[in-house]
Every structure is written in C-alpha cells, then in structure tokens.
Amino acid sequence: MSIPALWNGALDRLNSFGGQRAIDIVIALAIFLLAMAVAWFAWYRRSRNQTSQIRSLETEQLRLTAEIATLLQRYETALRGSDVTVFTQDQDLRYTSISNDFLGYRIDEIIDRTDEDLIAPDNRTTVVEMKHAVLNSGQPLDRELQIFDGQILRWYDFHIEPVSARGQIAGLTSAVVDITARKEGEEHLRLLMREISHRSKNLLAIIQAMARQTARHAGGIDDFLNQFNARVQALARSHDLLVQEDWHGASLKDLLRLQLGPYVDPEFTQVSIDGPAGLVKPETAQNLGLALHELASNASKYGALSVASGKVMAHWEQVTNGEPNGIEFVWAEKGGPVVNVPKKRGFGSMLIQQNLLRSLESDVDLRFEKDGLRCRIMIPRAHLYSLTPEPAPES
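Because the structure is a prediction, the values reported are computed rather than measured.

Re the overall build of the protein
(1) Moving on: Across its full length, the protein holds ten helices and 13 strands.
(2) Moving on: A total of 395 residues make up the protein; the buried ones form 33% of that total.
(3) Moving on: Put simply, of all contacts in the protein between residues at least 6 apart along the chain, 56% involve residues at least 24 apart.
(4) Moving on: Accessible surface computed for the protein: about 24,200 Å², of which carbon and sulfur atoms make up 55%.

Right, here's the structure in full:
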C-alpha cells in the first residue's frame, strides 16, 4: 500500500473518530513535534560549538597561565639574584607583597607589618615621611637613604609610585636598589683623589728642592741637566716600584736593586745584598730611594763601583730593645780607590744626611774611610710596614 493511501486511510479514521477537530489536533501535534525537533537540532549544534569554544578558551587560558607563571618565576629569580627589591604597601603602609628579604627580615616576617615594626627609630621618620608624601601628592618620588639593616648602615635608592584603584590612591609600589657598594666605591675614590693630591704636592716639593740644590752645586748648565735628570729618574724608579705594589709600600731589597741597577752589571757581581724582607712606607721609599741613588752614583764615579775590583756590601738587620725598634741599614764599600775626605760637602752628601735626618727623624752616619765610604742609616719602626726574617744572603 502506498503512502498516500495510508495517509488518506488515517484521515478517514480520524474523521470517523472525532471529525475535523481530531484531524486538526493531530496536524498541530505533528507540526509541534517537528518544530521541537528542529529547535533541538539547532540547540544541539550550538551547544557543540559552545563546548568547542569553551574548550579552546580553557586551553588558551591554561597556556597563558603557564606563560605568566614562567615569566613570574623569571622575574622573581632575577630580583632575588640582584640588589633590587620590589614591594607594595597599602594606605596604612602595611606591606602587601615583597620580592626579596629586606632590612634583615624574611619575606614572611615583612608581610602584613608596617615600617613602624621593621625600621629602626633613627631612620624610620625619614622613610615614613617620604612614603606619606607620595600618598598625599600622588606623584612619584626618588630618594637615596641610609638605613640600618640590623647589622650595618646600608644605602638604598628608592623609587616610589602611587597605586590607584577606582580613581583613588590605594597604596604605593616601590623599587629599592642596595647602592651600598657604589657609595663605598665613591668614598674610596674621594680618598684616593685626596691621597693623589697630597702625594703630587709632596712630589713637586721634592722635585723643586732637588732643582734648587742641584743648580746651587752644579758647575754649569750641562752638569745641572745631567745631575737633575739622573735624580728625577731615581725618583721615578721609586715611584714605579710603589705603583707596582699599589702604594702599599716598597721592598727594601727591590728598592736597593732598582737604584743600583743603572750602575752595575745585570748579575750584580760587585754587590752583596743581605737582610730580612721588609716593606718601607711610600714617603720613606721616595726619600730613601734618592739617598741610595746618591750612594750608587758616587760609588760609580769615585768609589768601589768605579773599578772592577771594587765591592759594595749593603746589609740591614732588625734593631730590638726588648721590642722591634726598626732596622739599621749599612752601605759599605771596599776594594775601590783610596778615599779622601772631601773639602766641602756636595748636594749628594746633604741629601743623604740632612734629607734623611729630617724625613726619618733618625740617625744617619756618613763616613769617608780610607778603604771605602761607609753609611749607616737607622730606619725607625714607624717608617716600616713589615719586617720578617730572611736568613739567606744574596750575592
């Protein structure tokens, strides 16, 4: 039987059962069911699309959350590995977050506490007033402050900005850098500049005195230039040694070898050096270096170093009177020409005796003995940095 026949048979039965009204009810019901089916299908498709979108959003949210967590971890790692501390405070200056330990306190000891609880009274007022100024004005503020961290006073560079919520200032955020090392470096640099200025003035005074005295005793322009140039070079050698030791003093042995170097062979075959290792202070090294230069220069012109058979013995030893009082340095020549006492003392003798007597405030004994010049110099303990035994002599 065909579908139209079945349809017509169904209509005839409905008509015999309830008339046209029954037919209308069935048709209405069929239309309703069809509409419901269409509506359900549309809802089903929309629901599937929404589910897919929600899943995509959830995936993207998870990705962004992981990315933010990674960035936050890098940020915290960078802060913990630096001298920068970042924190936030509410209007009552109660800490709400902080990146690092600060002022000698751990992070968990800082949160929910105020500056009244954490900062020493001597520094607290300045810090609190600075933060209140930002809260009241709504303007950022930069300032360097010195704060006690529980152990020492440290320098901090504050950059503070207000935090707004709904148009109202709700607190502040601050980035603080520990600049203690920078401040100490600046202070050290200032000390160095003052020290350089002081040493430069001393050096110029020495050079001026050398120029005047050399000119007074020189036989002519050429003689003056030769003597003055040699003395300036001697002073420069002492300075080179001091620079090499970062101005922490000069080794007496090194100072002696530097000043003797221009007048002897590289092996120092005509020189015997013996004495304990010791450091003389910078100003002492300058004055003693000039004296040693004068002794070496005189020996090369008139004394033991002017002949192949001559010998210079330079030795020193520690002087004690119950406790270390310094060292006694002796320069002795032998094997050179017969020594005659000069009729008048030149600048070299004056520099050795008068300059050392003044600068060392100690005894200087210069003797022109027949078998060779002999000079004894006492170097007080106050002019030494250190003195240690050194038993093995150097020849």
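Considerations on the pairing of strand β8 (residues 277-280)
(1) Moving on: Here β8 shows a clear split, with G278 and V280 buried on one side and none of A277 and L279 buried on the other.
(2) Moving on: In this structure, strand β6 (residues 250-251) lies alongside β8, joined through two bridges in antiparallel fashion. Across the sheet, the residue bridging to S251 is L279, located in β8.

With respect to the environment of W331
(1) Moving on: For W331, the position within the fold is in strand β10 (residues 324-334).
(2) Moving on: The spatial distance from the C-alpha of W331 to the C-alpha of G372 is 10.0 Å, given a sequence separation of 41 residues.
(3) Moving on: Other than its neighbours up to four places away in sequence, W331 contacts L256, L260, L295, A296, A299, V312, M313, L373, R374 and C375.
(4) Moving on: A polar atom in the side chain of W331 sits 2.9 Å from the side chain of E333.

Remarks on helix α5 (residues 121-137)
Since the α-helix packs 3.6 residues into each turn, any two residues three or four apart lie on the same face.
(1) Moving on: Helix length check: α5, at 17 residues, gives a terminal C-alpha distance of 25 Å against a target of 24 Å (1.5 Å per residue), a fit within 8%.
(2) Moving on: Where α5 is buried, its residues meet β1 (84-90), β2 (95-98), α4 (115-118), β3 (141-148), β4 (153-165) and β5 (168-178).
(3) Moving on: Positioned one or two residues after α5, G138 has a phi angle of 70°, which is positive.

Examining the packing of aromatic side chains
(1) Moving on: Overall, the coordinates contain six aromatic pairs when judged by the stated rule.
(2) Moving on: Consider the rings of F224 and F228, whose centres lie 5.5 Å apart with planes at 10°: the pair is stacked. Taken together, the positions of F224 and F228, both in helix α7 (residues 221-244) and four residues apart, correspond to about one turn of that helix.
(3) Moving on: A connected cluster of aromatic rings, assembled from ring pairs, spans F87, Y95, F102, Y156 and F158.
(4) Moving on: Above the plane of the ring of W155 lies K183, whose end atom (NZ or CZ) is 4.6 Å from the centre.
(5) Moving on: Across from the ring centre of F268, 4.2 Å away, lies the NZ or CZ of R257, which sits over that ring.

Some points on the environment of L145
(1) Moving on: Assignment of secondary structure puts L145 in strand β3.
(2) Moving on: On the basis of relative accessibility, which here comes to 9%, the residue L145 falls in the buried class.
(3) Moving on: Sequence spacing of L145 and T126 is 19 residues, and the spatial spacing of their C-alpha atoms is 8.4 Å.
(4) Moving on: Ignoring sequence-local partners within four residues, the contact set of L145 consists of T126, V127, M130, R154, W155, Y156 and F158.

Examining the sheet that holds β4
Hydrogen bonds between backbone groups are what pair the strands of a sheet, and the pairing can be parallel or antiparallel.
(1) Moving on: In spatial order, the strands read β2-β1-β5-β4-β3; together these five strands make up an open sheet with antiparallel pairing. A strand with exactly one partner marks an edge of an open sheet, and here the two such strands are β2 and β3. Across the sheet, the mean angle separating the axes of adjacent strands is 30° when strand polarity is ignored.
(2) Moving on: α5 contacts β1, β2, β3, β4 and β5 of the sheet and is inclined by roughly 160° relative to β3.
(3) Moving on: Sitting on the sheet, helix α6 (residues 180-217) touches β3, β4 and β5, and the angle it makes with β4 is about 135°.

Structural notes on α6
(1) Moving on: The terminal C-alpha atoms of α6 lie 55 Å apart, and with 38 residues this matches the ideal 56 Å at 1.5 Å per residue to within 8%.
(2) Moving on: When we look at burial in α6, the residues that qualify are T180, K183, I206, M210, Q213 and T214.
(3) Moving on: Looking at the packing, one finds that the buried side of α6 touches β3, β4, β5, α7, α9 (282-301) and α10 (347-360).

Parameters at a glance
- Residues numbered from 1 in each chain as written.
- Predicted model: local features only at pLDDT ≥ 70, side-chain atom pairs only at ≥ 80, totals over all residues.
- Heavy atoms only, no water.
- Helix = DSSP H or I, 4+ residues; strand = E, 2+ residues; numbered from the N terminus.
- Buried < 20%, exposed > 50% of the residue type's maximum accessible area, 1.4 Å probe, protein only.
- Contact = heavy atoms within 4.5 Å.
- Areas by Shrake-Rupley, 256 points an atom, 1.4 Å probe, with all protein chains shown as cover.
- Pairing = 2+ DSSP bridges.
- Polar contact = N/O pair within 3.5 Å; in protein donor to acceptor, adjacent residues only side chain to side chain.
- Expected span 1.5 Å × (residues − 1).
- Phe/Tyr/Trp six-rings, centres within 6.5 Å; stacked < 30°, edge-to-face > 60°.
- Lys NZ or Arg CZ within 6 Å of the ring centre and 35° of its normal.
- Axes fitted to C-alpha atoms, helices over the stretch in contact; angles between N-to-C directions.

Keep in mind that these numbers describe shape and distance, not what the molecule does.
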